[in-house]
Every structure is written in structure tokens, then in C-alpha cells.
Amino acid sequence: MKTRALKIEEYKKIMEIVRSGFHHEGKKFRPNSKLALALSIQANTGLRIGDVLQLTPKNFRDGKLYIREKKTDKEQSRPVHSRLIEIVLNYAMENGIKGGDNLFYRLSVRAVQKHLKFITDYLQQDDISTHSFRKFYAHTQYENSEHNIELVRDLLNHSSVGITQRYLGVTRKEVEEASKNHFVG
């Protein structure tokens, strides 16, 4: 199954469900602020879920996010929205999490995937996974930057625009059609 980017309405619905809980097929899904924070960070930073789950409050300082990505071993230091930092630090304070302590102690990638699968089954969506949140970030940034694919490539820390094109669902055929059909007289 290939995952796709979330639409904004789907993102909001999933987050509402995670924050409020629900009943499905005789099972109760309790409100889960830890999961909500992890998915929110992913949707607002474009990080892979494995990197999100390694974060500490210290990763958010001076208006920036500082991280070394697990998959690429690349360091990142980039500004993030002040509201995201405020949410992260409030969560840490409310849950007694100190500066160097893991924000998501005892929450594994597999557990996040399992919770999300339960939610997407409830919503009758089978092409959404944790990676959909990273793709959502990519699509949002792409649209907000007036289709600056190089910017999105850099934000996602991709090594090539080709990888970013696959994230965005840009096909070779679309590139060729756009090129063929463009003419300014």
C-alpha cells in the first residue's frame, strides 16, 4: 500500500479524534495527548516519525529545532513556528519532562502506527500512515511557497529533487506536459 499526503480536513479530523478519543468496534480509544503531540510535530516539521519520537525539550530552543536525523545522519537546525515550540514546552512542563528527557518515553514507531491504523480504519481510509504526515508537510510547504520544489527538497533534507517529486506525486509525464504546453509569445 502506497501512502499519500493528508488533506487538511483529514489532518484536522485525525487530530480531533486523537485528542478526544472514540469508540469503534467495541473498543475504546482514549484521548492521547502524547500521540497528538507526535503527529502534530511531524505535520509541522516534516520529520520522520522515528526522529520525532527521539525529541527532547532541548531540541527546541532559541526559536529553532535542532536535530540529527537517524536515517541520514544529517544535522538540522532550522526555525520552527513559535506556537509549536510553545505547545512542546507546555506539554513537557505539564508532564514533568525535563530538558534532556525524551518527550515520547515508551512510545514506539510501531505503537504510533498501530494507533493511527485504528483511527484510519474507523475513518475508512486505508492509504494513510505516519508518513502521510510528512507528505502533508511537503505538500503544504510546496503550495505555500508557490511550488518551490527546491525549498521543499531542502526542508525535507532530500538529496535530490527527484525524491521530492515522488513525495509530491509529480510524475515525469506531468513535467513533460508542463514543459510541452508552456509558451510565452
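In this text, all values refer to a predicted model and were calculated from it rather than measured experimentally. (Residues numbered from 1 in each chain as written. Predicted model: local features only at pLDDT ≥ 70, side-chain atom pairs only at ≥ 80, totals over all residues. Heavy atoms only, no water.)

A. Region of interest: the nonpolar core. Ranked by size, the top nonpolar core spans 40 residues in total, and within it Ile14, Ile41, Leu55, Phe60, Leu103, Phe104 and Phe133 carry the most contacts. Per element, the largest residue contribution to this core is seven residues, and it comes from helix 2 (residues 33–45). Filtering out sequence-adjacent residues up to four positions away, Phe133 remains in contact with Leu6, Tyr11, Ile14, Met15, Leu39, Gln42, Ala43 and Leu116. One finds Tyr142, Leu155, Leu156 and Leu168 within the second-largest nonpolar core, a separate group that totals eight residues. (Core = buried A, V, L, I, M, F, W, Y, C linked by side-chain atoms within 4.5 Å. Buried < 20%, exposed > 50% of the residue type's maximum accessible area, 1.4 Å probe, protein only. Helix = DSSP H or I, 4+ residues; strand = E, 2+ residues; numbered from the N terminus. Contact = heavy atoms within 4.5 Å.)

B. View of the side chain of Gln76. For Gln76, the location among the structural elements is in strand 5 (residues 75–79). The class for Gln76 is buried, based on a relative accessible area of 9%. Only 2.5 Å separates the side chain of Gln76 from the side chain of Arg78, close enough to count as a polar contact. If sequence neighbours within four positions are ignored, Gln76 has contacts with Leu47, Leu65, Tyr66, Ile67, Glu69, Leu155 and Asn157. (Polar contact = N/O pair within 3.5 Å; in protein donor to acceptor, adjacent residues only side chain to side chain.)

C. View of the packing of aromatic side chains. The tally for this structure, following the rule as stated, stands at six aromatic pairs. Between Tyr11 and Phe133, the ring centres sit 6.1 Å apart and the planes meet at 70 degrees, which makes this aromatic pair edge-to-face. Of this pair, Tyr11 sits in helix 1 (residues 8–20) while Phe133 is found in helix 6 (residues 130–144), placing the two residues 122 residues apart along the sequence. Residue classification places Phe133 among the buried residues on the basis of a relative accessible area of 0%. Between Tyr11 and Phe136, the ring centres sit 5.1 Å apart and the planes meet at 15 degrees, which makes this aromatic pair stacked. With Tyr11 in helix 1 and Phe136 in helix 6, this pair connects stretches of sequence that are 125 residues apart. Note on accessibility: Tyr11 and Phe136 belong to one class, buried. Every member of this aromatic cluster is reached through a ring pair, and the members are Phe22, Phe29, Phe118 and Tyr122. The ring centre of Tyr66 lies 4.1 Å from the NZ or CZ of Arg61, which sits over that ring. Its guanidinium or amino end placed over the ring of Tyr167, Lys135 lies 5.8 Å from that ring's centre, counting from NZ or CZ. (Phe/Tyr/Trp six-rings, centres within 6.5 Å; stacked < 30°, edge-to-face > 60°. Lys NZ or Arg CZ within 6 Å of the ring centre and 35° of its normal.)

D. Molecular detail of the sheet that holds strand 3 (residues 60–61). Taken in spatial order, the three strands line up as 3-4-5 in an open sheet, and their pairing is antiparallel. Lying at the two open borders of the sheet, with one neighbouring strand each, are strand 3 and strand 5. Note that strand 4 (residues 64–68) and strand 5 share five bridges and pair antiparallel. Within strand 5, the residue paired with Lys64 across the bridge is Pro79. (Pairing = 2+ DSSP bridges.)

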